[in-house]
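Report on the structure
Next come the chains, spelled out residue by residue.
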Amino acid sequence: MAAGTQIAVSGASPSPRRRRRAGRGEARAGVLFALPWMIGLATFTIIPLILTFYIAQTKFQIVGPPKYIGLENYEAMWTDAAFWRSAQNTLFFAAVSVPLKLALALGLALLLNRATALSGLYRTVFYLPFLMPAVAGSVVFMLLLTPGAGPVNIILEAFGFNPPDWLRDPDSALWAIIMLSIWPLGVETLVFLGGLQNIPRDVSEAAELDSPEPWHKLWWITLPLITPMILFNLVIGIIYSFQIFAQAIVIGGTTGTPAEATLMYMVVIYRAAFRYFNVGYAAALATVLFFVVLLLALLIFRTARSWVYYEGESR
Amino acid sequence: MGAVTLTGVRKLFGTMEVIKGIDLAIADRELVVFVGPSGCGKSTLLRMIAGLEDVDYGAIEIAGRDVTELAPALRGVAMVFQNYALYPHMTAYDNMAYGLRRAGLAGAEVDKRVRATAAMLQITELLPRRPKAMSGGQRQRVAIGRAIVRNPEVFMFDEPLSNLDAALRVEMRSQIARLHRELQATMIFVTHDQVEAMTLADRIVVLNGGRIEQVGTPREVYHRPANIFVAGFIGSPAMNLLPANLHRGAALELGWGTRVTWTAAVPALPDNAPVTLGVRPERVSLCDAARAQASGEVTLAEHLGDETILHLKVSDGVSLTVKAGGDVAALVGDRLHVAFDLAGACLFGPDGRRIAPD
Amino acid sequence: MTAVPAIERRRPAPGKLWQSLLYHAVMLTFAAIFLLPFYWMTISALKFNAEIFANPVSWWPDPVRWENLAQLFMRDDFPFLRQFMNSVFYAGSVAIAVVLSCSLAAYAFGCLRWRGRNLVFALTICALLMPTIVTFLPVYLAWSRLGLVGSYWPLIFPFLLGDAFFIFMLRQFFLGVPRELMDAARLDGASEFRIWWQIVLPQVRTALVIVGLFAIVYTWNEFFGPLIYLQNREDMPLSLGLFTFQSQRATEWSISMAGSFFTAMPMVLLFLLTQRLFQQGLTTSGLK
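Owing to the predicted nature of the structure, the values given are computational and were not obtained by experimental measurement. (Residues numbered from 1 in each chain as written. Chains lettered and ligands numbered in written order. Predicted model: local features only at pLDDT ≥ 70, side-chain atom pairs only at ≥ 80, totals over all residues. Heavy atoms only, no water.)

**Here's the deal with the nonpolar core**
- Counting 240 residues, the largest nonpolar core has B:F34 and C:Y107 as the members making the most contacts within it.
- Setting aside chain neighbours within four positions, we find B:F34 in contact with B:L24, B:K42, B:L45, B:L46, B:I49, B:I188, B:F189, B:V190, B:T191, B:V205 and B:L207.
- In this structure, B:V35, B:I123, B:L161 and B:M187 belong to the second largest nonpolar core, which totals 46 residues. (Core = buried A, V, L, I, M, F, W, Y, C linked by side-chain atoms within 4.5 Å. Buried < 20%, exposed > 50% of the residue type's maximum accessible area, 1.4 Å probe, protein only. Contact = heavy atoms within 4.5 Å.)

**Remarks on helix α4 (residues 80-110) of chain C**
- Under the 1.5 Å per step criterion, the end-to-end length of α4(C) is 42 Å for 31 residues, consistent within 8% with the ideal 45 Å.
- A bend of about 30° at C:C102 is the largest found in α4(C). (Helix = DSSP H or I, 4+ residues; strand = E, 2+ residues; numbered from the N terminus. Expected span 1.5 Å × (residues − 1). Bend = angle between axes of the 7 residues up to and from the residue.)

**Looking at the packing of helix α4 (residues 136-148) of chain B against helix α5 (residues 166-183) of chain B**
All names here are of chain B.
- One way to put it is that α4 packs onto α5 with a least axis distance of 11 Å and a crossing angle of 15°. With respect to α5, the axis of α4 lies roughly parallel. The way α4 lies across α5 gives a crossing that is right-handed. Contact with α4, carried on its side by G137, Q140, R141, I144 and I148, involves L168, E171, M172, Q175, I176, L179 and L183 of α5 and no other residues of that element.
- Taken together, the residues that form the contact of α4 with α5 break down as seven nonpolar, three polar and two charged. (Axes fitted to C-alpha atoms, helices over the stretch in contact; angles between N-to-C directions. Parallel < 35°, antiparallel > 145°, perpendicular 65-115°, else oblique. Left-handed = near helix turned anticlockwise from the far one by under 90°. Nonpolar A, V, L, I, M, F, W, Y, C, P; charged D, E, K, R; others polar.)

**Details of the interface of chain C and chain B**
- Facing the 17 residues of chain C at the interface are 24 residues of chain B.
- The junction of chain C with chain B conceals about 1700 Å² of combined surface from both sides, 56% of it contributed by carbon and sulfur atoms.
- Ranking the residues of chain C by area buried against chain B places C:E180, C:L187 and C:D188 at the top, with a combined share of 42%.
- Linking chain C to chain B there are three salt bridges.
- Residue C:D188 pairs with B:R150 through a salt bridge whose shortest N-O separation is 3.7 Å. (Buried area = accessible area lost by both parts, 1.4 Å probe. Salt bridge = Lys/Arg side-chain N within 4 Å of Asp/Glu carboxyl O.)

**Thoughts on the domain arrangement of chain C**
Residue and element names in this part refer to chain C.
- Annotation of chain C at the domain level lists domain 1 (24-70) and domain 2 (79-286).
- Relative placement of domain 1 and domain 2: their C-alpha centres are 33 Å apart.
- Listed per partner, the contact involves eleven residues of domain 1 and 13 residues of domain 2.
- Of the roughly 890 Å² buried at the junction of domain 1 and domain 2 (both faces included), carbon and sulfur atoms supply 78%.
- The interface formed by domain 1 and domain 2 contains zero salt bridges. (Domains from an automatic or database assignment.)

**Brief notes about a nonpolar patch on the surface**
- A cluster of nonpolar side chains, namely A:I155, A:F159, A:F161, C:Y39, C:W59 and C:W60, defines an oily patch on the protein surface of about 710 Å² accessible area.
- Mapped onto the elements, A:I155 comes out in helix α7 (residues 151-158).
- For A:I155, a relative accessible area of 33% translates into the label partly exposed. (Patch = residues over 30% accessible without salt bridge, like charges linked within 9 Å, V, L, I, M, F, W, Y side chains within 5 Å. Areas by Shrake-Rupley, 256 points an atom, 1.4 Å probe, with all protein chains shown as cover.)

**Focus: the environment of B:G2**
All names here are of chain B.
- By secondary structure assignment, the location of G2 is in the segment before β1 (4-13).
- On the basis of relative accessibility, which here comes to 0%, the residue G2 falls in the buried class.
- Along the chain, G2 and I49 lie 47 residues apart, while their C-alpha atoms are 13 Å from each other.
- Apart from residues no more than four positions distant in its own chain, G2 is found in contact with D28, A63, E153, V154 and T186.

**What to know about the pairing of strand β12 (residues 251-254) of chain B**
Residues and elements named next belong to chain B.
- Bridge count between strand β11 (residues 240-247) and β12: four bridges; the pairing is antiparallel. When the sheet's bridge partners are listed, A244 is paired in β12 with L254.
- The pairing of β12 with strand β13 (residues 259-261) spans three bridges and is antiparallel. Residue E253 lies in a different strand from β13, and its bridge partner there is R259.
- Between β12 and the antiparallel strand that follows it, β13, lie four residues; G257 among them carries a positive phi value of about 100°. (Pairing = 2+ DSSP bridges.)

**Things to note about unusual backbone geometry**
Residue and element names in this part refer to chain B.
- Backbone torsion omega between S236 and P237 reads -5°, so that peptide bond is classified as cis.
- Mapped onto the elements, P237 comes out in the loop between α8 (228-233) and β11.
- Put simply, A356 and P357 share a cis peptide bond, and its omega is -10°.
- As for its position among the elements, P357 is in the segment after β21 (354-356).

**Regarding the domain arrangement of chain B**
Residue and element names in this part refer to chain B.
- Domain boundaries in chain B define domain 1 (4-232) and domain 2 (237-356).
- In terms of surface lost to domain 2, no three residues of domain 1 exceed Y222, I228 and A231, which account for 53% of the buried area on that side.
- For the pair domain 1 and domain 2, the interface holds zero salt bridges.
- Counting every contact that joins domain 1 to domain 2 gives six residue pairs in polar contact (both at pLDDT 80 or more).
- Mapped onto the side of domain 1 that touches domain 2, the elements with two or more residues apiece are α7 (218-223) and α8.
- Here the side of domain 1 that touches domain 2 is built from residues that sort into six nonpolar, three polar and one charged. (Polar contact = N/O pair within 3.5 Å; in protein donor to acceptor, adjacent residues only side chain to side chain.)

Structure below.
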């Protein structure tokens with residue numbers, strides 16, 4: 001009590017800042033609760049990431065110690081045709097499949113965004129492919145795309161098209177994988193649908209009062225309001241498409257048959273590390289992937305400011 | 001017993017100071033209301049007293065005990081929250097019993113106290129229900145019950161009535177006033193609603209920008225506001241604050257040229273000092289042109305039944321609010337003349353503080 | 001004399017009806033396209049191998065070979081039942097581990113204020129966006145030094161410490177728990193651990209189930225990890241077992257299809273039973 005009075009009297013010189021006490025239980029609990037995850041984050045993400053950068057500069061064949069060789073792995077990459085081919089395939093795959101998938105998912109979500117007797121059924125149907133394990137889905141697609149025996153070409157021919165022998169023709173094999181990866185678009189569709197259904201009813205009605213054209217509402221109201229979901233799906237989609245593996249290895253094996261047309265970047269890393277036991281080289285490939293993804297993510301998030309609308313933001 | 005003393009209390013969020021040095025003594029059994037515009041720090045201050053926010057500088061005493069570094073549950077306080085904060089997965093009974101059980105009370109004692117409190121609040125039939133199955137008013141009463149059952153030294157209310165509809169709010173207000181009389185406990189009540197503050201408080205603490213603007217009884221705060229902020233904040237419709245110049249010899253020259261005589265004592269000021277005259281709308285009356293101290297065109301007439309609120313544009317940038325009788329039939333565009341009753345008026349100096357009446 | 005005209009209820013314009021029919025025609029066509037692989041998988045599983053590649057294409061198995069399904073459970077080169085149980089064990093363990101570990105971390109991120117929280121959460125988002133392979137090799141080497149390659153340890157243990165995606169997802173739900181609730185519990189004298197366990201967790205029970213379901217589906221379909229860490233046929237989960245069988249017995253399509261069918265069906269059934277929860281999980285994680 002005496003000390004308290006003194007402070008009040010002296011006034012001008014404030015008492016020393018207290019150690020935070022009342023909230024300390026909460027602060028301590030926060031660190032404690034997050035501790036297992038912080039350990040996990042360090043052990044399985046941060047430290048391995050740094051080690052990958054290091055291993056990438058060594059000649060390391062699992063047996064025996066790693067030998068430091070500087071940038072030789074990167075130099076080897078420069079002249080490795082498989083690296084260039086797989087990088088090209090993977091970039092093409094990502095550049096085609098992600099926009100296609102998002103556009104289709106968005107279209108489907110717009111179609112699904114109305115209440116009919118069958119809405120529940122449609123939602124279920126479009127979600128089911130996501131539940132098919134990638135391996136099983138790929139095996140089924142191999143049958144579907146077999147000329148003469150699979151229904152896809154039969155149907156296309158019935159409509160007067162002249163479809164290729166998808167999996168044997170180097171020009172079309174990658175398209176088969178693109179189809180295969182677009183098929184499970186239920187997740188993206190439902191995320192978009194969630195966004196559409198989150199648009200407040202009064203905003204939607206105001207837009208209808210402002211203009212009779214449905215296109216105006218779609219372009220000026222609906223799309224801007226779901227840009228956060230578009231960003232979310234875009235980022236996740238690009239990052240995952242760079243890592244496509246199961247579909248590629250089921251259809252093209254480790255060599256990317258036919259003629260390396262389905263050779264994906266992850267497959268090249270896989271075979272470098274676990275077939276040729278050249279871990280150093282695989283780490284260098286992984287490092288390049290890391291920086292490409294980092295760069296792209298930064299690019300997307302940087303531009304996102306100009307096209308993504310966030311609630312509570314005033315512009 | 002339940003006195004609360006704050007000494008030099010300050011709080012920073014990052015580098016932003018949200019509570020800027022509060023000294024306040026709340027007497028035992030007093031009902032004090034913290035009032036102020038949103039963002040003034042009233043809730044933060046309450047939460048600091050409860051121990052839910054850290055105190056960066058200064059000290060808090062409750063019942064003669066320094067509790068600044070004590071856990072919330074050990075401070076002898078209980079709180080009723082804005083959204084009631086009832087545990088949704090527990091019945092009203094368990095909600096009320098939870099704190100007692102945490103304090104290690106025996107089952108029989110817990111049961112006795114919960115039932116006694118429920119009987120007192122007439123919520124016995126709610127005890128087996130979960131919050132979801134209750135109306136807003138019922139939840140509110142259970143939340144109050146949860147606070148009472150712990151028999152705290154100090155009750156805290158964080159805008160507890162803001163989610164209720166108007167009729168229920170009046171009812172709960174009188175119930176809280178009755179509780180205060182019956183429980184004989186110290187209560188701190190936070191609100192942004194000045195009607196709540198005026199009707200409930202023994203003393204009102206007006207906060208603004210993390211500082212105390214004034215502490216006083218409802219009458220003091222209303223009739224003798226410490227400064228222009230309090231004058232404008234307390235009272236609805238708000239007090240008219242008119243620019244004026246004070247001449248030596250007690251003549252007050254109003255912004256639009258009218259001179260009135262100021263009879264109350266004022267401290268020495270330089271001649272022609274810019275001051276602000278504060279006149280409550282009910283102290284402005286309509287009159288004929290001959291006695292007019294101000295004239296203006298009606299820009300808005302609000303007919304409320306028993307009274308009429310008129311807004312007059314007196315000159316550029318100066319408008320007046322007049323509270324007239326319900327029978328006044330003035331319309332927008334009418335030109336009206338008014339006179340001031342300066343007996344109840346306040347004068348604020350150039351720094352915004354009240355200089356008269358002192 | 002003056003007949004009051006009967007007021008008839010307006011009927012929807014005929015255009016509306018056509019519009020609705022067109023809509024359903026489009027949707028049903030899309031639905032058929034999306035279901036085609038499922039259909040083809042199912043009928044192929046019931047065909048003779050020869051019939052699968054018959055020309056003209058057969059749209060219905062003739063005869064229906066139920067024996068294919070029975071065969072699946074009797075083959076040495078595809079120990080289906082064993083692998084099925086492995087998958088159940090793998091997915092179940094990961095789901096339990098994820099729910100336990102992530103509900104701790106997500107609570108710390110979503111409900112508690114502590115120094116460094118924003119930094120650690122930002123790192124978590126980075127980890128979420130990081131390609132798996134970038135951190136995979138050193139971790140593999142470490143497990144191999146520990147002699148645990150060939151066991152499920154490398155596949156399950158990391159989840160006991162948490163997973164970036166599921167922490168992110170759960171945090172969205174924890175953010176919805178009002179802070180007042182925790183404050184009330186603090187005033188009631190509950191310890192921080194008790195607040196988590198007794199006050200907050202009951203509010204997010206649905207979310208925990210949702211995260212568990214997603215963890216099951218994710219693990220059931222996981223391929224890369226098992227491919228690297230497991231070599232024995234007997235130890236493999238289904239999706240790896242199917243791959244191994246398919247790549248060694250490429251001609252036995254009907255067995256492959258039966259295997260695919262039974263690999264996919266448990267997840268389809270799980271989804272059909274818990275559809276509402278799945279959708280809730282997706283819409284919540286998709287919001288910023």
